[in-house]
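So the chains spell out like this:
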Amino acid sequence: MDKLKLPENITIIEVGPRDGLQNEKNFVPTETKKEFILRLKDSGIREMELTSFVSPKWVPQMQDAGDIVESCLTSDSRDFVLAPNERGLQRVYETGCRAVAVFVGVSNTFNQKNINKTTEDSLNDLEPLINELKERGYFVRACISTAFYCPYEGKILPEDTLALCKRFADMGVDELSVADTVGRANPLEAHALFTLLKSELPGLLLTAHFHDTRKMALANILASMQAGVDRFDSSAGGLGGCPFAPGATGNVATEDVVFMAEEMGVKTGIDLEKISQAIDVVKPFISRPVESGYYRLYELNK
Ligand code: HMG
Ligand code: MG
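As annotated in an unreviewed UniProt entry, the protein carries the name Hydroxymethylglutaryl-CoA lyase and is attributed to Rossellomorea aquimaris. Recorded under Sequence similarities (unreviewed entry), the UniProt text for the protein is reproduced unchanged: "Belongs to the HMG-CoA lyase family."

Take a look at the structure:
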């Protein structure tokens, strides 16, 4: 068999403080979130989604977004906040944050459940907002939800995902984060979609965002590496899920991605012991067990 194609380094975009916590029913104290974030940075994470400027009625867990950003922005990290609309961006502009993530689903039904608009209306509304962000010099990441499967509409065609990605590319975004929202894709699908996106959108930073509902995320990451992807969203402790994607569990666990990569000689720059200590901080407030392979062994050996 030919050798696996592996990058020398990968970049982890830590999404635990945002995707990881947004789905928790009980409010995680703001000071705990801050300590979690700062410890994650101390572990070597250099890109992270800190929080979301979304409606606190829709996602109460993110109601302390302003406070989080105020305390946790650092110059050695690209710190993202999510914003769904103009109101969200007004809140961003009141902070020192310089990197924004917008999000749209390929699936219309998911998009309506998530942000109360059709996909087409979202694109039309976001275009002037992205123009303004670029004029003001922001880094813009577009998160593409339901890129493989939708919890309401089923299988999504790669050409539909590509078409949405191209719309964002034409708007001048810096990065696409392409998501298996419900954790349903298999490695062949991951390889095929990322090969297509890499060849059609060669100039863009391309990131893979796998939820781990069916425990296929690590296999999908390895398959995406074969397609040339070297940026991966992950969540410390494998926390998370989208409140509007029923049944989906957390993102792939950062510590498991780091362990797999480093064992194969792929550098991440992240300290596994420190990631585990960051999880220790937030774990008492999380309603479900932390089940990542690496963290379970860390706890046993404590
Ligand atoms: P809406 O109810 O249609 O909003 O919700 P509206 O424009 O009609 O406004 C209603 C009220 O909300 C108004 O207040 C607005 O000011 C307020 P009122 O006058 O009633 O007092 N409002 C806001 N407040 C704070 N910040 C805002 C904001 N916008 C309006 N930005 C809306 C539309 C988009 C706001 C809502 O649907 C929403 O907040 N959705 C967020 C959903 C969300 O956060 N989902 C999870 C993130 S995406 C994800 O997890 C997927 C990803 O991980 C990739 C993957 O895995 O697929 C990225
Ligand atoms: Mg997600």
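**Q** I keep staring at the overall build of the protein and nothing clicks. Help me out?
**A** Within the protein, the regular secondary structure consists of 12 helices and 10 strands. Within the protein, the fraction of its 302 residues that count as buried is 56%. Partitioning the contacts of the protein with sequence separation of at least 6, the portion at a separation of at least 24 is 74%. Summed over its atoms, the accessible surface of the protein is roughly 12600 Å², and 50% of this surface lies on carbon and sulfur atoms.

**Q** I would appreciate a short explanation of the packing of helix α2 (residues 30–42) against helix α11 (residues 272–282) in the present structure.
**A** Helix-helix packing is characterised by the crossing angle of the two axes and by the distance between the axes. Where α2 contacts α11, the axes come no closer than 8 Å and their chain directions differ by 175°. Compared by their axis directions, α2 and α11 come out roughly antiparallel. In contact with T32, E35, F36, R39, L40 and D42 of α2, α11 contributes K274, I275, Q277, A278, I279, V281 and V282. In terms of residue class, the contact of α2 with α11 is made up of seven nonpolar, two polar and four charged.

**Q** I tried to follow the site of ligand 1 on my own but got confused; where do I start?
**A** Residues in close proximity to ligand 1 total 27 residues, the closest being Q22, N114, N116, S145 and T181. In the environment of ligand 1, an oxygen atom lies 3.3 Å from a nitrogen or oxygen atom belonging to the side chain of W58. Here a nitrogen atom of ligand 1 sits 3.3 Å away from a polar atom, N or O, in the main chain of G88. Coverage of ligand 1 by the protein amounts to 74% of the 1100 Å² it exposes when considered alone. Taken together, the residues of the shell around ligand 1 sort by class into 12 nonpolar, 10 polar and five charged.

**Q** Would you take a moment to explain the pattern of salt bridges for this structure?
**A** Pairing is possible between side chains that carry opposite charge, provided their charged atoms lie close to one another. According to the stated counting rule, one finds 24 salt bridges in the structure shown. Taking the shortest distance from any N to any O, the salt bridge between E47 and R231 comes out at 2.9 Å. Here E47 is found in strand β2 (residues 47–52), whereas its partner R231 is found in strand β10 (residues 231–234), with 184 residues between them in sequence. When sorted by exposure, E47 lands in the same class as R231, which is buried.

**Q** For this particular structure, what's the right way to read the packing of aromatic side chains?
**A** The description of an aromatic ring pair uses the distance of the two centres, along with the angle that the planes make with each other. Scanning the entire structure with this criterion turns up eight aromatic pairs. Both rings, one in W58 and one in F244, keep their centres 5.6 Å apart while their planes meet at 55°; by these two values the pair is tilted. With W58 in the loop between β2 and α3 (65–72) and F244 in the loop between β10 and α10 (254–263), the pair connects residues that are 186 residues apart, well separated along the chain. By relative accessible area, which is 38% here, W58 ends up partly exposed. Plain terms: the ring middles of Y93 and Y138 are 5.6 Å apart, the flat faces sit at 65° to each other, and that makes the pair edge-to-face. On the criterion of sequence distance, the pair formed by Y93 in helix α4 (residues 86–93) and Y138 in the loop between α6 (119–135) and β5 (139–145) is long-range, its members being 45 residues apart. For Y93, a relative accessible area of 21% gives the class partly exposed. In textbook terms, an aromatic cluster arises when at least three aromatic residues are bridged by ring pairs, as seen for F148, F194 and F210. When the ring centre of F80 is taken as reference, the NZ or CZ atom of R141 above it lies at 5.0 Å.

**Q** Looking at this structure, I do not really get α10. What am I missing?
**A** Counting buried residues along α10, seven of its 10 residues qualify, which places the element largely inside the surrounding structure. Along α10, the residues that are buried comprise T254, E255, D256, V257, V258, M260 and A261. Residues of α10 that are buried make contact with β1 (11–14), α9 (217–226), β10, α11 and α12 (293–300). One or two residues past the end of α10 sits G265, with phi positive at roughly 85°.

Scoring rules and cut-offs
Residues numbered from 1 in each chain as written. Chains lettered and ligands numbered in written order. Predicted model: local features only at pLDDT ≥ 70, side-chain atom pairs only at ≥ 80, totals over all residues. Heavy atoms only, no water. UniProt positions renumbered as here; feature names shortened; annotations may be inferred. Helix = DSSP H or I, 4+ residues; strand = E, 2+ residues; numbered from the N terminus. Buried < 20%, exposed > 50% of the residue type's maximum accessible area, 1.4 Å probe, protein only. Contact = heavy atoms within 4.5 Å. Areas by Shrake-Rupley, 256 points an atom, 1.4 Å probe, with all protein chains shown as cover. Axes fitted to C-alpha atoms, helices over the stretch in contact; angles between N-to-C directions. Parallel < 35°, antiparallel > 145°, perpendicular 65-115°, else oblique. Nonpolar A, V, L, I, M, F, W, Y, C, P; charged D, E, K, R; others polar. Near = heavy atom within 4 Å. Polar contact = N/O pair within 3.5 Å; in protein donor to acceptor, adjacent residues only side chain to side chain. Salt bridge = Lys/Arg side-chain N within 4 Å of Asp/Glu carboxyl O. Phe/Tyr/Trp six-rings, centres within 6.5 Å; stacked < 30°, edge-to-face > 60°. Lys NZ or Arg CZ within 6 Å of the ring centre and 35° of its normal.

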